[in-house]
Amino acid sequence: MTQSEPHITDILSGLTNHLPDADPEETAEWIESFDGLIESEGTERAQYIMRSLLQRAGAKSVQVPMVTTTDYVNTIPVDQEPAFPGNEEMERTYRKWMRWNAAIMVHRAQSPDVGVGGHISTYAGAATLYEVGFNHFFRGQDHPGGGDQVFFQGHASPGMYARAFMEGRLSEDEMDGFRQEKSKAPHGLPSYPHPRMKPDFWQFPTVSMGLGPANAIYQAQLNRYLHNRGIKDTSDQNVWAFLGDGEMDEPESRGFLQLAANEKLDNLNFVINCNLQRLDGPVRGNGKIMQELEAFFRGAGWNVIKVVWGREWDSLLQKDNTGTLVDVMNATPDGDYQTYKAESGAFVREHFFGKHPITKDLVADMTDQEIWNLKRGGHDYNKVYAAYKAAVEHKGQPTVILAQTVKGYGLGTHFEGRNATHQMKKLTLDDLKAFRDHLRIPITDEQLEADPYHPPYYHPGMDAPEIQYLMTRRHALGGFLPERRNESKALDLPGDKSYSGTKRGSGKQMAATTMAFVRLLKDIMRDKEFGKRIVPIIPDEARTFGMDSMFPTAKIYNPNGQNYISVDRELVLAYKEAPTGQILHTGINEAGSAAAFTATGTSYATHGEPLIPIYIFYSMFGFQRTGDAFWAAGDQMARGFIIGATAGRTTLTGEGTQHADGHSPLLAATNPAIVSYDPAYGYEIGHIVRSGLERMYGGKHSDPNVMYYLTVYNEPIHQPAEPEDVDVEGIIRGIHAIKPSDLDNGPRVQLLASGVAVPWIQEAQKVLAEDWGVAADLWSVTSWTELRRDGLAAEKDAFLHPEQPARKPYVAEKLAGATGPVVAVTDFATQVPDQIRQFVPNEFATLGADDFGFADTRQAARRFFHIDSASVVVRALQMLAKRGEVDADVPAQAFKKYDLLNVNAGTTGTAGGDA
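To keep things clear, this report deals only with the structure shown in the data block. Per chain, residue numbering runs from 1 following the sequence as it is written. Owing to the predicted nature of the model, reporting of local features is limited to residues with pLDDT of at least 70; listing and counting of side-chain atom pairs is limited to 80 or more, with chain, interface and lining totals taken over all residues. Note that the side-chain values use all heavy atoms of the structure and ignore hydrogens as well as water.

**Points about the overall build of the protein chain**
By the criteria applied, helices consist of DSSP H or I runs no shorter than four residues and strands consist of E runs no shorter than two, each listed in order from the N terminus. A tally of helices and strands in the protein chain yields 34 helices and 18 strands. For 915 residues, the compact-globule estimate of 2.2 N^0.38 gives 29 Å, and the protein chain sits close to it at 33 Å. Projected onto its principal axes, the C-alpha positions of the protein chain cover 105 × 75 × 55 Å. Classification of residues uses two cut-offs on accessible area relative to the type maximum, computed with a 1.4 Å probe and protein chains only: under 20% is buried, over 50% is exposed, and between them is partly exposed. Taking all 915 residues of the protein chain together, the buried fraction comes to 57%. When the accessible area of the protein chain is evaluated, it comes to approximately 37400 Å², of which 51% is carbon and sulfur surface. Counting rule applied: Lys, Arg positive; Asp, Glu negative; His and chain ends not counted. Charged groups are reduced to one reference atom each: NZ for lysine, CZ for arginine, CG for aspartic acid, CD for glutamic acid. For the protein chain, the centre of its 89 positive side-chain charges and the centre of its 118 negative side-chain charges are spaced 4 Å apart. It is over C-alpha atoms that the radius of gyration is taken, and the globule rule equals 2.2 Å times the number of residues to the power 0.38. Here the accessible surface of atoms and residues is derived via Shrake-Rupley with a 1.4 Å probe, and residues count as covered only by protein chains that are part of the display.

**Details of the sheet that holds strand 13 (residues 707–711)**
Any two strands are treated as partners once DSSP identifies two or more bridges connecting them. The strand order across the open sheet built from six strands is 9-6-10-11-13-12, with neighbouring strands paired in parallel fashion. Looking along the sheet, the strands with just one partner apiece sit at the ends: strand 9 (584–585) and strand 12 (674–677). Examined bridge by bridge, strand 6 (residues 534–538) and strand 10 (residues 612–618) share four bridges and lie parallel to one another. What sits directly across from Val-535, in strand 10, is Pro-613. Where helix 22 (residues 513–525) meets the sheet, it contacts strand 6, strand 10 and strand 11 (640–645), and its direction lies at approximately 145° from that of strand 6. Throughout, a contact is declared for two residues whenever any of their heavy atoms are within 4.5 Å. Axis definition: a line fitted to C-alpha atoms, over the contacting stretch in the case of helices. Angles run 0 to 180 degrees between N-to-C directions.

**Examining the packing of helix 22 against helix 27 (residues 682–697)**
Viewed as axis vectors pointing N to C, helix 22 and helix 27 meet at an angle of 45°, and their least axial separation amounts to 9 Å. By the angle between their axes, helix 22 is oblique relative to helix 27. Crossing geometry of helix 22 relative to helix 27 is assigned as right-handed. Mapping the contact onto sequence places Thr-513, Ala-516, Phe-517, Leu-520 and Ile-524 in helix 22 and Gly-682, Ile-685, Gly-686, Val-689 and Leu-693 in helix 27. Of the residues contributing to the contact of helix 22 with helix 27, the split by class is seven nonpolar, three polar and no charged. An angle below 35 degrees is read as roughly parallel, one above 145 as roughly antiparallel, one from 65 to 115 as roughly perpendicular, and any other as oblique. Handedness of each helix crossing follows the sense of rotation of the near helix against the far helix: counterclockwise by less than a right angle gives left-handed, clockwise gives right-handed. The residue classification treats Ala, Val, Leu, Ile, Met, Phe, Trp, Tyr, Cys and Pro as nonpolar and Asp, Glu, Lys and Arg as charged. All others, Gly included, are polar.

**A short note on the packing of aromatic side chains**
Pairing of aromatic rings covers Phe, Tyr and the six-membered ring of Trp, with a centre-to-centre limit of 6.5 Å; geometry is then stacked below 30 degrees between planes, edge-to-face above 60, and tilted otherwise. Evaluated as defined, the whole model comprises 55 aromatic pairs. Ring geometry for Trp-97 against Tyr-458: centres 5.3 Å apart, planes inclined by 65°, an arrangement best described as edge-to-face. With a gap of 361 residues between them, Trp-97 in helix 3 (residues 88–109) and Tyr-458 in the loop between helix 19 (445–450) and helix 20 (465–476) connect regions that are remote in the sequence. By relative accessible area, which is 7% here, Trp-97 ends up buried.

**Focus: helix 10 (residues 289–299)**
Helical geometry: 3.6 residues make up each α-helical turn, so side chains three or four residues apart lie on a common side. Every buried residue belonging to helix 10 is among Ile-289, Met-290, Gln-291, Leu-293, Glu-294 and Phe-297, and all of these are buried. Against helix 8 (251–254), helix 9 (257–262), strand 3 (268–274), strand 4 (303–307), helix 13 (334–340) and strand 5 (399–404) lie the buried residues of helix 10.

**Focus: the pattern of salt bridges**
By definition, a salt bridge exists where a carboxyl oxygen of Asp or Glu is found within 4 Å of a side-chain nitrogen of Lys or Arg. On inspection of all chains with the given rule, the structure shows 51 salt bridges. Close ionic contact of Lys-433 with Glu-449 constitutes a salt bridge, the shortest N to O distance being 2.7 Å. Linking Lys-433 in helix 18 (residues 429–439) with Glu-449 in helix 19, this pair joins segments that are 16 residues apart in sequence. For Lys-433, a relative accessible area of 17% translates into the label buried. By relative accessible area, Glu-449 is classed as partly exposed at 41%. Residues joined in a network through salt bridges with shared partners are Asp-249, Arg-254, Arg-278, Arg-284 and Glu-292.

**Let's talk about a negative patch on the surface**
A cluster of like negative charges, contributed by Asp-21, Asp-23, Glu-25, Glu-26, Glu-29, Glu-32, Asp-35 and Glu-39, occupies part of the molecular surface. Mapped onto the elements of the fold, Glu-25 is located in helix 1 (residues 24–41). Within the patch definition used here, like charges are joined within 9 Å and nonpolar side chains (Val, Leu, Ile, Met, Phe, Trp, Tyr) within 5 Å, considering only residues with over 30% relative accessible area and no salt bridge.

**Let's talk about unusual backbone geometry**
In this model, Ala-185 is joined to Pro-186 through a cis peptide bond whose omega is 5°. Its place among the elements puts Pro-186 in the loop between helix 6 (172–175) and helix 7 (211–228). The backbone of Lys-264 shows a phi angle near 55°, a positive value even though the residue is not glycine. The topology assignment puts Lys-264 in the loop between helix 9 and strand 3. With relative accessibility at 43%, the residue Lys-264 sits in the partly exposed group. The backbone of Arg-440 sits at a positive phi, close to 60°, despite the residue not being glycine. In this fold, Arg-440 is placed in the loop between helix 18 and helix 19. You can call Arg-440 exposed: its relative accessible area is 69%.

**Re the sheet that holds strand 18 (residues 844–847)**
The strands that make up a sheet pair up through hydrogen bonds in the backbone, lying either parallel or antiparallel. Spatially, five strands are ordered 14-16-15-17-18 in an open sheet, and the strand pairing comes out mixed. If you trace the sheet from one side to the other, it starts and ends with strand 14 (735–739) and strand 18, each paired once. Neighbouring strand axes in the sheet, compared pairwise and without regard to direction, differ in orientation by 25° on average. One ladder, built from six bridges, connects strand 15 (residues 748–753) with strand 16 (residues 775–781); its direction is parallel. Across the sheet, the residue bridging to Val-749 is Ala-776, located in strand 16.

**Things to note about empty space enclosed by the protein**
The method works on a 1 Å grid over the protein atoms by themselves. A cavity is a set of points holding a 1.4 Å probe that cannot get out, a pocket is an open set with protein on both sides within 12 Å along at least five of seven lines, and residues with an atom within 4 Å of a point line them. Grid points are joined across faces, edges and corners, and a volume is the space filled by probe spheres set on the points. Taken as a whole and assessed by the stated rule, the structure comprises eight cavities of 30 Å³ or more. Reported here for the largest cavity is a volume of approximately 120 Å³. What lines the largest cavity is simply Trp-309, Trp-313, Tyr-337, Tyr-340, Lys-341, Val-348, Phe-352, Ile-371, Trp-372, Leu-374 and Arg-376. For the lining of the largest cavity, the secondary-structure elements that each account for two or more residues are helix 13 and helix 16 (368–372). Considering only residue class, the lining of the largest cavity consists of nine nonpolar, no polar and two charged. Of the voids in this model, the second largest cavity is the one considered here, and its volume is about 60 Å³. As for the second largest cavity, its lining consists of Pro-665, Ser-676, Tyr-677, Asp-678, Tyr-709, Thr-711, Thr-782, Ser-783, Trp-784, Thr-785, Val-832 and Gln-835. Class assignment of the residues belonging to the lining of the second largest cavity gives a composition of five nonpolar, six polar and one charged.

**Concerning helix 32 (residues 858–865)**
Buried residues dominate helix 32, accounting for seven of its eight residues. All buried positions along helix 32 are accounted for by Arg-858, Gln-859, Ala-860, Ala-861, Arg-862, Arg-863 and Phe-865. Structurally, helix 32 contributes buried residues whose contacts are with helix 29 (758–772) and helix 33 (869–882). Trailing helix 32 by a residue or two, His-866 shows a phi angle of about 60°, which is positive.

In structure tokens:
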């Protein structure tokens, strides 16, 4: 291939590549006629004619392949571009000031005495994309329509701070507190969009790449959900998500596109900053990421708008009668486009336009500087405005805007388009001067040379006409962004009646804690006012969890309704979808469910309308699979209930390793926003849920921004009625006594268990008394994690306040006076009960289900892990023998008596296969 022969890659659709042209002369006439139509009637008329012909071709069975990619040019023709409504000169001026201040903030944070870093290049390249939105599209929360939700690209956060500085919302001290949240408190700024760290500013955490696009889609869905259920009119609110082209490789970035298309979320707009670079180099050096994304989004049912070239290219493309320039554009890989912006106009003339004599002639009259000034589309106000306007006016589909930019734009040759630009955090003195000159910032050489590590910010004062213009635009659009508001309407919580069912127990029947929870949920949902704010979220396991009974009454949310004849329509528990449905049934999609949970659980802040998400799932597929999403939910200060159903390593029989959860409480414990429980009984669940609702939605707790994680099981047990003297405080704080031994004399042990293991220690209590004369007191530990956190807090208080009497950990208080060794047992890994070991005053032993789970009966699995009742008995006897309180040979007798190494000798639990 010679330089003058552009290589047309398979990225193009190639509509005619494989078909013979039987009459080239006639083909030329058709093309000439079509060109004449465009010249005389414009592109809009040409579009209609083409669509009509395609429709007719289909009717006549003329096969025309679907076009998934278009040429590497702007989607919106020049003659269809709307007039730019703003004062471009004003906007361009203060955009320069923002770009300067953003870069200087990061540069100052990288001075030798601080060195905390930051990112300069992302915002430098994306400033136009943001500013067109801020000045003309992004509505604040005081807008009559309710305001938009904007997911800002994490690495561009310095630009948002720089704008807030120009608006007078941030001071110089705060700008200098960038990435120094504690050392510069109360003026510290978080590195990225972290709502928990700056709760009056950021709304959405986005820097864990992939979660931004996922959460934006489910935020747009929630907006429609609120509207369709009559809770709030969100018809005039849009969701905007600013993303990077490299970020789109994350599975979460593309994995939910079908939801947005299926639900016709035309309130959603993705803006993908296609600077052709990821963190270390090109996104697709040998290919074209914009073309790839166009095909992907178009195939997923999205409206696609490409903004490739700035207005300087319009006249060249107009003169390109042969289409050769477009061919060169199509054939040039991204790696070359990146290189061009790191070189010069002369280099572009030779290596881009010089690929063909025709394109070389197109620029023969242009200087190298004029060639260098040919901008990418994402830096052109007119082109970006046209794309945004088309996006918000488009109906029936979500829209993605693919905007080509240059990373590090305007920062100078050391930054623009360089592979290392993402990691470059400071400018040399020469860089500062060149950057200042490029932006025309009124700062002198002397000011820069005085302290190159601390160059000055620039603000002309709030009375400057440019700042007045900026403020007027934001006022017209409904206030500042980003901004988070935490006030929400108070809720009247359910009364005693809603919890009466959990107090009664299961009588003669047996019921799993999953069923106890679902019954409680149904009772709460019956509360006329409060119940409508509950949002059950289920990833296609409703029948497993016994929630299919909700289908006919609560119904499954589907904005399109149910337009088919349901196969089970005659059944009492028929599957029922409706636009007003209450249940978010997300399909086989834990990551999407976590995104839906986050959007729902933060509705109190984003909309001022509290909703109570209750996300129920296979416990193994929660924190293990989507822990990052829950961490972001904690950052966003989501509230709600996360229910890990079918919990335990030995309780979900038959499923095997992939489903056997023995560690989710440990993973949950790593998230500071999670309050974790492992209840054994329905009445415990009732008190925990009530406490959670009061904390998160009662309006009186000092820290309501938490999520409650409850593990529940599928093994039926006899659910006892609530005792009259129930220790509610103990249930909430993590441990309460459930049955002291009937024996007054003899050796004594304390048996602690949680969740499904509580019946095992009840059986062990009986065996110890009848076979060995040992007294065992029983304790239900509803939360090992909360007990540990309390213990650690007590230790920290003693450490930091030595002048005050040391507080006793709650678990130590509860076990004070409880004699004998402690055996703690769980259906989770030993590390779960071991969380409290250091705070228990007694000798302490743990029995847990370590290692991988496997498929077998419950009895065999529990005997294999040595967590069954017989194992509890033997372990207790061993500890007593060590203390000399039983004969030394007693443990060996018990070991032999219960055949402890024989998995087929286990008897603890039901056989399995029941709900």
